[in-house]
Amino acid sequence: MLAKFEKRAYAGSERVWVGKYRNLHNIAHWHMEHELIACAEGNAKVMLDDMTYRLAPNQCVFCQSGSVHSIDADPDSLLYVCLFNENICASVTQVYQPVTPLFRDRYGVLQTLSDLRHELSDRQLFLKQKPTP
């Protein structure tokens, strides 16, 4: 399968990014970061390494670094997408593999991603900033 390499530019040194999308559609791509996709409203199809997963409200899909994936969301869907450096959780992800990348949000993922998105966009006082040239 052909897939586009995606390179994320970060505002600071955090190496975490969170987006919020309505009706998201993207092409098959891959990147060096892990990706966590959480569904708040509607439904979406997530293709991950030649398997298709149906994402419903309060469900999440975890895409490991380097995996080829794409999203095809239904109209009026609302998804949170978080990309984060694989080193953040390497002690877990290098040892353990999930049985399935699809899971129910019993862990507060949606709220955490929403909070993290606000924190990153507000650029609070103690968030380490990128040095100015």
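Located above this text is the structure these notes cover.
Residues numbered from 1 in each chain as written. Predicted model: local features only at pLDDT ≥ 70, side-chain atom pairs only at ≥ 80, totals over all residues. Heavy atoms only, no water.

Considering all chains together, one arrives at four aromatic pairs under this definition. Ring centres of Phe5 and Trp30 lie 4.6 Å apart, and the angle between their planes is 55°; on these two criteria the pair is classed as tilted. One end of the pair, Phe5, is in strand β1 (residues 4-5); the other, Trp30, is in strand β3 (residues 29-30), with 25 residues separating them in the sequence. Here Arg8 stacks its cationic end above the ring of Trp17, 3.9 Å away from the centre of that ring. (Phe/Tyr/Trp six-rings, centres within 6.5 Å; stacked < 30°, edge-to-face > 60°. Helix = DSSP H or I, 4+ residues; strand = E, 2+ residues; numbered from the N terminus. Lys NZ or Arg CZ within 6 Å of the ring centre and 35° of its normal.)

The next point concerns the sheet that holds strand β2 (residues 16-22). Overall, antiparallel pairing links the five strands, which are arranged β2-β9-β4-β7-β10 in an open sheet. Of all the strands in the sheet, just β2 and β10 (102-104) have a single pairing partner and so form its edges. Sheet twist, expressed as the average angle between the axes of neighbouring strands with direction ignored, equals 20°. In terms of strand pairing, strand β4 (residues 34-41) meets strand β7 (residues 59-63) through four bridges, oriented antiparallel. In the strand pairing of β7, Glu35 is matched with Cys63. The strands that helix α2 (residues 109-122) touches are β2, β4, β7, β9 (78-84) and β10; relative to β2, the one it contacts most, it runs at about 110°. (Pairing = 2+ DSSP bridges. Axes fitted to C-alpha atoms, helices over the stretch in contact; angles between N-to-C directions. Contact = heavy atoms within 4.5 Å.)

Grouped together as the largest cluster of nonpolar side chains are 15 residues, with contacts concentrated most on Ile37, Leu55, Val61, Ile71 and Leu79. For this core, the secondary structure elements donating two or more residues are β4, β5 (44-48), β6 (51-55), β7, β8 (69-73) and β9. Apart from residues no more than four positions distant in its own chain, Leu79 is found in contact with Gly19, Lys20, Tyr21, Leu24, Ile37, Ala38, Cys39, Ala44, Leu55, Ile71 and Ala73. Residues Ala38, Cys60, Phe62 and Leu110 belong to the second largest nonpolar core, which totals 14 residues. (Core = buried A, V, L, I, M, F, W, Y, C linked by side-chain atoms within 4.5 Å. Buried < 20%, exposed > 50% of the residue type's maximum accessible area, 1.4 Å probe, protein only.)

Attention shifts here to the side chain of Asp105. The residue Asp105 is located in the loop between β10 and α2 in this model. No salt bridge is formed by the buried Asp105, whose closest oppositely charged neighbour, Arg104, lies at an N-O distance of 8.1 Å. Of the polar contacts made by the side chain of Asp105, one reaches the backbone nitrogen of Gly108; its length is 3.0 Å. Within the local environment of Asp105, its side chain forms a polar contact with the backbone nitrogen of Leu110, the two atoms lying 3.0 Å apart. Dropping the residues within four chain positions of it, Asp105 is found in contact with Asn58, Gln59, Cys60 and Leu110. (Lys, Arg positive; Asp, Glu negative; His and termini not counted. Salt bridge = Lys/Arg side-chain N within 4 Å of Asp/Glu carboxyl O. Polar contact = N/O pair within 3.5 Å; in protein donor to acceptor, adjacent residues only side chain to side chain.)

This next bit is on the pattern of salt bridges. Inspection of the entire model under this criterion finds three salt bridges. Residues Asp74 and Arg54 are paired through a salt bridge, measuring 3.0 Å at the closest nitrogen-oxygen approach. With Asp74 in the loop between β8 and β9 and Arg54 in strand β6, this residue pair connects regions lying 20 residues apart in the sequence. By relative accessible area, Arg54 is classed as partly exposed at 41%.

That's the geometry; what it means functionally is another story.
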